[in-house]
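Structural features, examined
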Amino acid sequence: MGGEPAYARAVTSATPRVRPDHVDRFVAFRQVRAAVLTDSEPLELAVVVGETALRLDVGDPAILQDQYRHLIRLAALPNVELQVLRPEDGIHSGFTGAFAILGFDYAHSVGYVELQDDAVYIHDQERMRGYSMAAENLRDVALSPPESVRFIESLVHD
């Protein structure tokens, strides 16, 4: 999720993988990518985010607060399902790292794993079954979408 521009800039600037003179381009890319959630024919997004990611000290407190509000607005969209995974929610299949499943109406799903300096796309449907089971496990273990919104709301300080 691209997020608010200030948050995207803070995240992008903090990574050593992006040269300082490329930050604006990466932020613009994140914003364009995020726009597909609010287009006239929006993509559907189901995401499980770890509590640790929500609590990262990104930018200044105002930037982080704006990002929380942005996530709450996104979670209200009919095409977005946002869940938070807390440590106390128990053992889950996400310990090996982040991954995404790109699902399509008329083609097989594809897995996506971002590496330090590359990305891997998983096309093999046998392997994809494992990723799909892992994603289902994460959704089962995480807070429900309404509970997740309430959790994020608890992080907002007016």
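All of these numbers come straight from a predicted model, not from anything done at the bench. (Residues numbered from 1 in each chain as written. Predicted model: local features only at pLDDT ≥ 70, side-chain atom pairs only at ≥ 80, totals over all residues. Heavy atoms only, no water.)

1. Concerning the overall build of the protein
Heads up, the rule is: A helix here means a DSSP run of H or I that spans at least four residues, while a strand means a run of E at least two residues long, and both kinds are numbered starting from the N terminus. Our radius of gyration looks at C-alpha atoms and nothing else; its globule reference is 2.2 Å times the residue count to the power 0.38. Three labels apply to residues, based on accessible area from a 1.4 Å probe with only protein chains included: buried if under 20% of the type maximum, exposed if over 50%, partly exposed otherwise in between. Residue contacts follow a heavy-atom distance rule, with two residues in contact if any of their heavy atoms lie within 4.5 Å. Areas reported here follow the Shrake-Rupley algorithm with a probe of radius 1.4 Å; residue values treat only the protein chains shown as occluding.
Along the backbone of the protein there are six helices and five strands. Rg of the C-alpha trace for the protein: 16 Å, near the compact-globule value of 15 Å for 158 residues, within the 12% margin. Summarising its shape, the C-alpha atoms of the protein cover approximately 45 × 35 × 35 Å along the three principal directions. Here the protein holds 158 residues, and 31% of them are scored as buried. A sequence separation of at least 24 residues applies to 65% of the contacts in the protein between residues at least 6 apart. Roughly 10,200 Å² of accessible area belongs to the protein as shown, and the carbon and sulfur atoms make up 55% of that amount.

2. Quick word on the packing of aromatic side chains
In plain terms, the rule: To pair, rings of Phe, Tyr and Trp, with the six-membered ring standing in for Trp, must have centres within 6.5 Å; the planes then decide the type, stacked if under 30 degrees apart, edge-to-face if over 60, and tilted in the middle.
This model, assessed by the stated rule, comprises two aromatic pairs. Note on tyrosine 112 and tyrosine 121: the rings are 5.1 Å apart at their centroids and 55° apart in plane angle, and the pair reads as tilted. The class for tyrosine 112 is partly exposed, based on a relative accessible area of 23%. Tyrosine 121 sits in the partly exposed class, given a relative accessible area of 48%.

3. A word on the side chain of glutamine 65
For glutamine 65, the location among the structural elements is in helix α4 (residues 61–75). Those residues within four positions of glutamine 65 in sequence are excluded, and the remaining contacts are Leu155, Val156 and His157.

4. Digging into the pairing of strand β4 (residues 110–114)
Note the cut-off: A pair of strands is considered paired only if DSSP assigns at least 2 bridges between the two.
Sheet analysis places strand β3 (residues 100–102) next to β4, joined by three bridges and oriented antiparallel. Counterpart to alanine 100 in the pairing with β4 is tyrosine 112. With four bridges joining them, β4 and strand β5 (residues 119–122) adopt antiparallel strand pairing. Counterpart to glycine 111 in the pairing with β5 is isoleucine 122. Linkage of β4 to β5, two consecutive antiparallel strands, is achieved through a turn of four residues.

5. Focus: the sheet that holds β4
Stated formally: Only the stretch in contact is used when fitting a helix axis, every axis being a line fitted to C-alpha atoms; angles between N-to-C directions are given from 0 to 180 degrees.
Reading across the sheet, the three strands line up as β3-β4-β5 and stay open at both edges, with antiparallel pairing between neighbours. Looking at strand neighbours, the two that pair on one side only are β3 and β5, the edges of this open sheet. When the angles between neighbouring strand axes are averaged without regard to direction, this sheet yields 25°. Strands β3, β4 and β5 of the sheet are contacted by helix α5 (residues 125–141), whose axis makes an angle of about 115° with β3.

6. Concerning the side chain of glutamine 83
The criterion, for reference: Counted as a polar contact is a pair of N or O atoms within 3.5 Å, where, for protein atoms, one must be capable of donating a hydrogen and the other of accepting one, and residues adjacent in sequence contribute only when both atoms are in side chains.
Turning to its location among the elements, glutamine 83 is positioned in strand β2 (residues 80–85). By relative accessible area, glutamine 83 is classed as buried at 4%. Only 2.9 Å separates the side chain of glutamine 83 from the backbone oxygen of leucine 143, close enough to count as a polar contact.

7. Some remarks on the confidence of the model for the protein
Our working definition: pLDDT expresses, on a scale from 0 to 100, how confident the predictor is about each individual residue.
When pLDDT is averaged along the protein, the result is 85; 91% of the residues meet or exceed 70. Across the protein, helix α6 (residues 145–155) holds the top mean pLDDT of 97, while helix α1 (residues 5–14) sits lowest at 69.

8. Some details on α4
As a reminder of what qualifies: Given the number of residues in a helix, its expected span is that number minus one, multiplied by 1.5 Å.
With 15 residues, α4 extends 21 Å between its outermost C-alpha atoms, agreeing within 8% with the 21 Å of an ideal straight helix rising 1.5 Å per residue. The residue sitting at the N-terminus of α4 and contributing the capping side-chain oxygen is aspartate 60; that oxygen lies 3.0 Å from the backbone nitrogen of alanine 62.

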